[in-house]
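Reading the structure
The primary structure of each chain is shown beneath.
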Amino acid sequence: MSEQKNRSNDEIQQQVEEIISAGALGKSDAYARLLRFLAERAHTQKSVKEIEIAVEVFGRDETFDVTQDSLVRVYIHKLRTKLDNFYNNSDKHYSLRLTIPKGSYLLGLETNEAAPQTSLDKLSGLANRERTLLVGISLLAGILLTLSTIYLKSKAETETQPLQAEIWAPLAQNEKPLLVILGDIFVFSEVTSEFEQLREIRDFSIANYQDFLQRQTQDSDFMEHYSDFGVRYLPKATGLSLKHLAGFLGPENNWTLGLSSEMENTDLDQYNILYLGYFSALNLFKTDVFSQSVLQLHPNGNLLIQSETGEVFVG
C-alpha cells in the first residue's frame, strides 16, 4: 500500500511539473504556486483548508475571512478549468489525470476518460477565437456604458425574468460560463528599511501584480522602497452595482466572480466576460475596448475624450 501511495505521489508531482512547463497555467505564477502547494499536501489525503491556501499561497494573514473573500474559491475554480483545457488539448494522452473534486481542495488522480482532441478540433477552436473575442469585447463595452440606464428602465421586468432585456441576449444564448469581473484597484506600499509601511500608493501605470514585479525588475531603487502587501480596493459604487446586477444574472452558481487585477489572456477564451467597475481598472481589457472606438481614455483614468473633437465626457 505504501509503495502504491508513493507511486501516486510521484505521478502527481511529475504531471504538475509537466503542466507548469507546458505553460498551461498562464503567465501568472499564482496558479503554479497553488498547484504545487496542493501537490505537496496530496500525500495527506485530506482536503486543505481554504484559510491555509490563502495564507501559504497568496500571502494573506490569519485574519483573512473566507466567508467574505472568494479569492481562493475563484482561483481553484479557474485552476480546474486550466487543468481541463490542458488534458483536452495535450498531444500526449494521459491515462491518469490530476483532479480537484468540487467541494474539496484535495489534489488527486483519476482515470482520464476524455478522448484526445484532434488537430481539426484545435484548428476549429483557433478559428473561432477571433470572432468570439470581438463579440465579447463589443458586449463588454456596451454593458460598461449602459448598465445603469438599462437597470433603471427594466428593473421590474428583470427582477422576475433575468436576462430578458435585449442587451443580455448574447449572454443568455451563449453556452460559455459567465465571469463577472470587478474593477479592483491595485495598491502597493512605500516601506522603510525595516519593512514598515509608510503609506499606500495608487499608480495608474501599475494595475496588477505583474506590473508591480516588472517595475521592481527594471528599477532596483523601486524594489528597495516599495512592496506589495496584497491590498486591493473596490469602489463603493462597484459593490452596490453588483447587488443590483445579481438580479439580472440569477443564482450565483450560474456565474463566477473575479478581479480585474487577476485577469489573464486565457480568460478571454474560457468565459463570457462582464466587467463592472471604473475605466481606470479595466487593466487587460483597456486596449481592446478602446481600439475601435472614437472615444479614448483620459490619462487620469476616469474621463473619456472624443478623439476628433477633444470633447471630454465625465462618467
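Residues numbered from 1 in each chain as written. Predicted model: local features only at pLDDT ≥ 70, side-chain atom pairs only at ≥ 80, totals over all residues. Heavy atoms only, no water.

1. Regarding the nonpolar core
Residues Leu35, Leu38, Ile53, Leu79 and Leu107 are the most contacted members of the largest nonpolar core, which totals 32 residues. If we skip the residues at most four places from it in the chain, leucine 38 touches Val48, Ile53, Ile76, Leu79, Ile100, Tyr105 and Leu107. Of all hydrophobic cores here, the second largest spans 16 residues; its members include Phe279, Ala281, Val289 and Leu304. (Core = buried A, V, L, I, M, F, W, Y, C linked by side-chain atoms within 4.5 Å. Buried < 20%, exposed > 50% of the residue type's maximum accessible area, 1.4 Å probe, protein only. Contact = heavy atoms within 4.5 Å.)

2. Some words on the packing of aromatic side chains
This model, assessed by the stated rule, comprises 12 aromatic pairs. Ring geometry for tyrosine 31 versus tyrosine 75: centroids 4.8 Å apart, planes at 45°, classification tilted. Remark: tyrosine 75 occurs in helix α4 (residues 71-89) and tyrosine 31 occurs in helix α2 (residues 30-41); sequence separation between them is 44 residues. For the pair tyrosine 31 and tyrosine 75, a shared accessibility class is recorded, and that class is buried. On the numbers, 5.4 Å between centres and 50° between planes, the contact of phenylalanine 188 with phenylalanine 212 is tilted. (Phe/Tyr/Trp six-rings, centres within 6.5 Å; stacked < 30°, edge-to-face > 60°. Helix = DSSP H or I, 4+ residues; strand = E, 2+ residues; numbered from the N terminus.)

3. A closer look at the confidence of the model for the chain
As a general rule, the predicted coordinates of low-pLDDT regions are not to be interpreted in detail. Taken residue by residue, the chain gives an average pLDDT of 76. The fraction at 70 or more is 76%. Of all secondary-structure elements in the chain, the lowest mean pLDDT belongs to helix α6 (residues 155-160), at 42, while strand β1 (residues 96-99) reaches the highest, 92. Contacts for the low-pLDDT stretch residues 117-161, under 50 throughout, to residues beyond four places or in other chains number 43 contacts. (pLDDT = per-residue confidence, 0-100.)

4. Some details on the environment of alanine 54
One can find alanine 54 in helix α3 (residues 50-56). Setting aside chain neighbours within four positions, we find alanine 54 in contact with Gly59, Arg60, Phe64 and Val72.

5. Here's the deal with the environment of glutamate 50
Residue placement: glutamate 50 occurs in helix α3. A C-alpha to C-alpha distance of 9.7 Å links glutamate 50 and serine 70, two positions 20 residues apart in sequence. When near neighbours in sequence (up to four residues on either side) are disregarded, glutamate 50 contacts Val66, Asp69, Val72, Arg73 and Tyr105.

6. So, the side chain of lysine 82
By secondary structure assignment, the location of lysine 82 is in helix α4. Since its relative accessible area comes to 1%, lysine 82 is described here as buried. In contact with lysine 82, other than residues within four places in its own chain, are Ala24, Leu25, Tyr31, Glu264, Thr266 and Gln270.

7. Overview of the packing of α2 against α4
Where α2 meets α4, the axes come as close as 11 Å, and the angle between the chain directions of the two elements is 90°. With respect to their mutual orientation, α2 and α4 come out roughly perpendicular. Together, Ala30, Tyr31, Leu34, Leu35 and Leu38 of α2 and Tyr75, Ile76, Lys78, Leu79, Lys82 and Leu83 of α4 make up the contact between the two elements. Looking at the contact of α2 with α4 residue by residue, the classes come out as nine nonpolar, no polar and two charged. (Axes fitted to C-alpha atoms, helices over the stretch in contact; angles between N-to-C directions. Parallel < 35°, antiparallel > 145°, perpendicular 65-115°, else oblique. Nonpolar A, V, L, I, M, F, W, Y, C, P; charged D, E, K, R; others polar.)

8. Notes on the pairing of strand β6 (residues 197-201)
As defined by bridge partners, strand β5 (residues 188-191) adjoins β6 across four bridges and the pair is classed as antiparallel. In the strand pairing of β6, glutamate 190 is matched with arginine 199. Here β5 hands over to β6 after five residues, with phenylalanine 195 in that stretch at a positive phi of 70°. (Pairing = 2+ DSSP bridges.)

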